[in-house]
Every structure is written in C-alpha cells, then in structure tokens.
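The chain contents come next:
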Amino acid sequence: MNQHNSQSSKLNTLLQPLLKLQAPVQASTYAPIFQFLTGKNLLKPGQQLHAHMALRGLRPTAFLAAKMVAMYASSGDISSASHIFHATANPSLLLFNSIIRAFSLYKLSEKTIHIYARMHSLNLRGDNFTYPFVLKSVTDLYCFQFGKCIHGLSLKDGLEFDIYVGTSLIDMYVKCGELGDAHKLFDVMPLRDVSSWNTLISGYMRDGVVDLAKEFFENMPEKNIVSWTSMISGYTQNGLAGEALKLFDEMLSEDSEVKPNWVTVMSVLPACAHSAALDRGRSIHDFARGRGLDSHPSVQTALVGMYAKCGSLADARWCFDRIKLNDRNLVAWNTMISAYASHGHGFEAVSTFEDMIRAGVHPDDITFTGLLSGCSHSGLVDVGLKYFDSMSTMYFVEPKHEHYACVVDLLGRTGQLVKAYNLISQMPMQAGASIWGSLLAASRSHRNLEIAELAAKKLFVLEPDNSGNYVLLSNMYAEAGMWEEVNHFRALLKSQGVKKNPGCSWIEINGKAHLFLGGDASHPQAKEIYKLLEELPEKIKAAGYVPDTSFALHDVSEEEKVYTLTTHSEKLAIAFGILNTIPGTVLRITKNLRICGDCHTAIKFISKIYVREIIVRDVNRFHHFKDGLCSCRDYW
DNA sequence: ATAGGGTTAG
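Along each chain, the written sequence defines residue order, and numbers are assigned to residues from 1. Labels follow written order: the first chain is A, the first ligand is 1, and so on. Where totals are concerned, whole chains, interfaces and linings use all residues; where local detail is concerned, this predicted model gives features only for residues with pLDDT of at least 70, and gives and counts side-chain atom pairs only at 80 or more. Hydrogen atoms and water are omitted, and side-chain values are computed over all heavy atoms in the structure.

Caption draft 1: Layout of the overall build of chain A. Under the scheme used here, helices are H or I runs from DSSP no shorter than 4 residues and strands are E runs no shorter than 2 residues, and both carry numbers assigned from the N terminus. On a plain count of helices and strands, chain A comes out with 33 helices and six strands. Seen along its three principal axes, the alpha-carbon backbone of chain A occupies a region of about 100 × 55 × 50 Å. Only protein chains enter the accessibility calculation, which uses a 1.4 Å probe. A residue is then buried if its area is under 20% of the maximum for its type, exposed if over 50%, and partly exposed in between. Here chain A, with 636 residues, has 50% of them falling under the buried criterion. Between two residues, a contact is recorded if the distance between any of their heavy atoms is within 4.5 Å. Sequence separation of at least 24 residues holds for 63% of the intrachain contacts in chain A that already meet a minimum separation of 6.

Caption draft 2: Geometry of the environment of Lys571. In this fold, Lys571 is placed in helix 32 (residues 569-579). Judged by relative accessible area, which is 5%, Lys571 ranks as buried. As a C-alpha pair, Lys571 and Tyr530 span 41 residues in sequence and 9.9 Å in three-dimensional space.

Caption draft 3: Quick look at the protein's contact with DNA strand B. In the neighbourhood of DNA strand B, 43 residues make up the surrounding shell, with Asn128, Asp193, Asn198, Asn224 and Trp262 lying closest. Within 4 Å of the protein, the contacting atoms of DNA strand B are drawn from sugar and phosphate to the extent of 44%. In protein, a polar contact requires one atom able to donate a hydrogen and another able to accept it; more generally it is a pair of N or O atoms within 3.5 Å, and residues adjacent in sequence count only if both atoms are side-chain atoms. Contact distances for DNA strand B include 3.2 Å between a base nitrogen and a side-chain N or O atom of Ser195. By the convention adopted, Pro, Cys, Tyr, Trp, Phe, Met, Ile, Leu, Val and Ala count as nonpolar, Lys, Arg, Asp and Glu as charged, and the other residues, Gly among them, as polar. For the surface near DNA strand B, a count of residues per class yields 15 nonpolar, 23 polar and five charged. One heavy atom within 4 Å of a molecule or strand is enough for the residue carrying it to be called near that molecule or strand.

Caption draft 4: Looking closely at the nonpolar core. Buried Ala, Val, Leu, Ile, Met, Phe, Trp, Tyr and Cys residues form a nonpolar core when they are joined through side-chain atoms within 4.5 Å. Ranked by internal contacts, the top residues of the largest apolar core, which has 153 residues, are Phe34, Leu49 and Leu439. Apart from residues no more than four positions distant in its own chain, Phe34 is found in contact with Gly46, Leu49, His50, Met53, Leu64, Lys67, Met68 and Met71. Leu532, Leu536, Phe576 and Tyr610 belong to the second-largest nonpolar core, a separate cluster that totals 32 residues.

Caption draft 5: Examining the packing of helix 11 (residues 179-188) against helix 12 (residues 194-206) more closely. Packing of helix 11 against helix 12 leaves a shortest axis separation of 11 Å and a crossing angle of 160 degrees. Compared by their axis directions, helix 11 and helix 12 come out roughly antiparallel. Judged by the twist between their axes, the crossing of helix 11 over helix 12 is left-handed. Between helix 11, through Leu179, Ala182, His183 and Phe186, and helix 12, the contact on the second element is made entirely by Ser196, Trp197, Leu200, Gly203 and Tyr204. With axes taken as lines fitted to C-alpha atoms, and helix axes fitted only over the stretch in contact, angles between N-to-C directions fall between 0 and 180 degrees. Roughly parallel means an angle under 35 degrees; roughly antiparallel means over 145; roughly perpendicular covers 65 to 115; every other angle is labelled oblique. Take the far helix as the reference: if the near one is turned anticlockwise from it by less than a right angle, the crossing is left-handed, and if turned clockwise, right-handed.

Caption draft 6: Fine view of the packing of helix 15 (residues 241-252) against helix 16 (residues 262-274). The contact between helix 15 and helix 16 brings their axes to 9 Å, and the two run at 140 degrees. Between helix 15 and helix 16, the angle is such that the two are oblique. Regarding helix 15 and helix 16, the two cross each other, and that crossing is left-handed. Here helix 15 contributes Ala241, Ala244, Leu245, Phe248 and Met251 to the contact with helix 16, which in turn contributes Thr264, Val268, Ala271, Cys272 and His274. Residues that form the contact of helix 15 with helix 16 fall into these classes: eight nonpolar, two polar and no charged.

Caption draft 7: Representation of the packing of aromatic side chains within the structure. Ring geometry is summarised as follows: Phe, Tyr and Trp rings, the Trp one being its six-membered ring, pair when their centres sit within 6.5 Å, and such pairs are stacked at plane angles under 30 degrees, edge-to-face over 60 and tilted between the two. Using the criterion set out here, one finds 22 aromatic pairs in the structure. Relative to Phe216, the ring of Tyr204 lies with its centre 5.4 Å away and its plane at 40 degrees, an arrangement referred to as tilted. Of this pair, Tyr204 sits in helix 12 while Phe216 is found in helix 13 (residues 210-219), placing the two residues twelve residues apart along the sequence. This pair shows no difference in class: Tyr204 is buried, exactly as Phe216 is. Aromatic ring contacts, followed pair by pair, group Phe186, Trp197, Tyr204 and Phe216 into a single cluster.

Caption draft 8: Up close: the pairing of strand 4 (residues 613-617). Across the five residues of strand 4, four count as buried, placing the element largely inside the fold. At least two bridges found by DSSP between two strands is the condition for calling them paired. Across five bridges, strand 3 (residues 586-591) lies against strand 4 in parallel orientation. Each bridged residue has a counterpart across the sheet, and for Ile589 the counterpart in strand 4 is Val616. Crossover handedness is defined here as right-handed if the route from the first strand over the helix to the second strand goes clockwise, with the strands pointing away from the viewer. Viewed along the sheet, the connection from strand 3 through helix 33 (residues 597-609) into strand 4 turns out right-handed.

Caption draft 9: Representation of the sheet that holds strand 3 in the model. A sheet is described by the order of its strands in space; here six strands give the open sequence 2-1-3-4-5-6, paired in mixed fashion. Edge positions in the sheet fall to strand 2 (512-517) and strand 6 (629-630), since each has one partner strand and no second. By the bridge criterion, two bridges tie strand 5 (residues 622-626) to strand 6 in an arrangement that is antiparallel. When the bridges of strand 6 are listed, Phe625 appears paired with Cys630.

Without other data, these values stay purely geometric and don't point to any function.
Put into structure tokens, the structure is as follows:
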C-alpha cells in the first residue's frame, strides 16, 4: 500500500501539469505517459488522462490506442481495453498485438483467436509478439487441431527461426498432450535456449516420463532456476517426494550457482507434505524465512498445507493467519478448510467456510470436498446435508463424484443405509469404488448384510483385486453363521490369488524417516521392537484391551490372527517410536492404508500407558490419540 | 511489448 501511495504521488507531480493544460495537447504527448502507467496498476490516473484527451476531442491513433489498451489491460479493466480497440479505425499490428495479449492474459481464448483471425483477414502478418499469445489461448482451449493450423500460419509469416514462437509451439504441443510433435519440433529448431529445454522438461514431467525429463535436465547446456524448479515440481507431482527433496538439497549445495526463489519453495513443500516430513518442512520454512521467501501468499498457502499434512494443525493455522486478508484467495481458504477436515475438526471447517463466504471469496468444488468431508469426519450429518443441498442452489457448484462420496459416508455413519443406497441410484454419474466401499464399510458397522451384498457385488467388478472387500463380506457371513458362503470366498481367494495390498507405515524421528512393512523384521532394532510388541498385549489387556480379530481373514487360527495383528506396520512404527523417545513426546506415524480397527483400539491404550501423544495419518484422515482417546471418536 | 517453473482437492 505504501509503495503504491508513493508511486501515486510521484505520478501526480508528473500528471498535474499536463492535466491543467487547457490548450490542445498533441496526441504524441500522451503515449509515453500511458506507457509509464502500464503494469503499475494505476487505473485512476489512466482514466484521468483518458478523460483529458476525450474532452479535447482527441481521437487516439492506432499507436496511442495500443498504449491505452496495454494500460487498461494491466490495470484490470479489460472491457475498456476492448472498447478502445474496437473504436479505433485502421488498427495496426501493434494494436492487434496489444489486444491479443490482453485477451489471452484474461483467458478470453475464443476472443483472442477471433481477433487473430480478423487480423489475418486484413492481410496483416503476425510477428514474434503475436504468436506466443495466440498459442497460449490455443493451449487454454486445449485445441490441438487449431494449434497445428496456427503452427502452419506462423511458418507462412516467416517465423520458423523465432525462438519465442518456437518455444510457444513446443509448449502448446506439450500441453495438448502431443509430446511426439513437441519433441520433433525441438529437434528441428535451429536455435534453442534454456526456455526451450525447460518447456520440454516440464512436458515430460507432466506426461509422467520422469526418466526422460531427468535425462534432458542432466544434458542441457545451461540450467537456470526454472529448470531446477521444473524438475522439483515434476518430482513432487509424480509422487517422488524423495527425489524432489534430494534435488532441492543439491540446489542449495555450494557448487550450485542457482538459488531457490519463491516458486521453488512452493514446489518443494508438497514433497514434505507427501512424506509427512515435519522436521524437513520446518527447516525449509526456516530457510524461506531467512531468504525473505515466506511472504508470498502462495508460499504461505503451501506452508499451511505442509503443516497440516505433517500433522501440525496449530502451525497450519498460524501460517494461515499470517496471510494478509486481501491475499487469502480461493486456494488459501480451501487449504485451511481441508486441513481442518482431515484432522476431524468439522466445526472449524464449517466456520472457516463461513469466514470465506463473508470475505467474499466464491467457493469451488474443492471447497465443498473439504467442507463435506469435514462434516463427515466429525459426524455433522444434518449440517453436511444442508451444505450439500446448498452447493448447487446457492453457490452454483455442481456436485461431483467426490461430493456424493462424502454424503454417502455421512448417511452411512448414522446407519441411514437405504437412504445412502437411494442417493447412489440417483447420482447423475456412475458410482465408483470409493462410494461403494464406503457403503460396504457402513453396512458392516451397522450389520446390514443385504446392503453389504449389493455394495460388494459392485466392488468385485470395480476392483476385483482388492482382497479387503472379499474379507469384509466373508467375515460378515461368518458372523451371521453362513458358512457355505464363507467357504465359497475362502476358495475364491485361494484360487484367484487375490493380492493383498501391502501395508506400510513410517515414522520420523530426529528428521529421519523409518519405514516398516507389516511383519517386517529388517529394521536394525527389530529385536527390541518385537520384544516390546510381545509384551504389549498383556500390558494393555490389563487396562481393558480386547484384541479384535474380525479385521483379519477368517481362515487362519485365532492365535495366528492375533500374531498378524500385533505386527501390523503401524504397531511396528509405534513400538520403534516408543523405544527411541521419552514419555511426553508426540509420535507422528503415516500409513499408506486405512488404519485397522484393532490397531485403532490398541493405539488408544498405548497412548495412555506409554504417555505419548500419537498422531496417525492414514489414507483418509488424521487420528490424534491422547490419553486413551482418539480425535475421531471411533468413527472413521 | 514477447516464451519456460505454481500452492488446495482426488
């Protein structure tokens, strides 16, 4: 704001003498002033100047109009920019370029193309300033055929050697999913620079061809900050958090000439979030603070997400509060709402949503995914249903698959299984595995075999390899004493060799992650871990724990089942955590699957007996275990 | 006046 004011006052001393002049002023006087105003978000002075001209009956030349268009577009007033363009007779190439640039920046892609077509019909040749923006619009429209056509026209206009047009073409092919064409063009480009290489690298990354991107990165003649950041964000987006962090470290090393900027920091933070590396995230936060890179709203938003996913909701909120009110955009609000939702703080998710509406930010589908899952995780059934109804009627956001999934979950938890089933039948799209899986789980906890069979039947088709569904239904049959059906599933599981998704958990201690698989004995401290786990059942049984073997398949002996349960990966990670920390420490565990019911019960007792706060992040949400209780209140 | 990296959800 201050900077803005001082700029304005500087400007007033520049403008006032001109504005006071009564005599006619030459058109050429105005152009440099409009140019000065461009890119500085100075709409008011621009309007004053415009009025001053209009009062004197001066009609802008094409050259002046171009400057005015640029000023208006860069100050947020696209309609005035458009108006000036249309009111100018004999538009020049410069004027066409400025309106094309304006429309493409505002994502008015059809308009951009339309203007370009008009320019073409007037026999005006496009130049190196025209095509990059036309191509951006083609890319936004995701229209490959059109892009090919524009490619041809650019060659006709003699731009085959232009590096800006060439790079824009590569980007267009990449983003339209035509990687082959992009690569071909790159190969025949007579001139390439870092940007051309970077474009191709990000193209390979977005197509998941990580190895090729890496090869290009390593072989490019010169790397800049964008090259490094493209690699880091590419790794992050492809789920390779470790690689992302490694490259970030390499970038910080002394022999690297390139230093991270705010985009780099923003791109690496999700890697910490993904691997739940809280210490790592904190140190990157410290680093950003030290370099003054933590004041950008997008970095601050990424920090909120990182802390939330690493299990520290308090830090997440702290970072959110530091985002200036004006900078709290849709993404920032969504991040905070989802943070509360995943930690089971439904009330806070709801109140944050209401804050967002009051702040005048319009919600989108992601907002409602967070809000509804927050309601579901906290059992706010009526509130959730109310918001679900309001999303299309009040906020004009059409419910998608994930929203229906939240509502099915919401109804399922209160045992309204028939209602949930009816909702699924009325969905405008096909229900996927997440929805049927949620219904199956709800049917089990409410012991409704009929609905369970319906859901399971769908799941056997949708995900034939997921053993969990067979086990669940088979166990329900066993509980109902329907042994014929139980035997049928047993045989099925054996003959088809249905795979079991291997469970794994990890825990971070002193900044180092330790990974455990179910039944894993490979850790250096395995002996001590197993000794602790052997003693564990007796210890927690004394406090009231009863092992729940219904989460294991009913075709092994009871004793074996208990053993399998005691060596679930989350238990191993927790045992390791207990061994290496003192009472009072917070243990943070991340699991790749949903936490099992027996582990959930056991961890509640462990948190009390061993005096540890235990935070478990499973695929769905966070569980905060403290003093014998869990934040999910046993429904998840 | 120009191209290339982007945070949320799943």
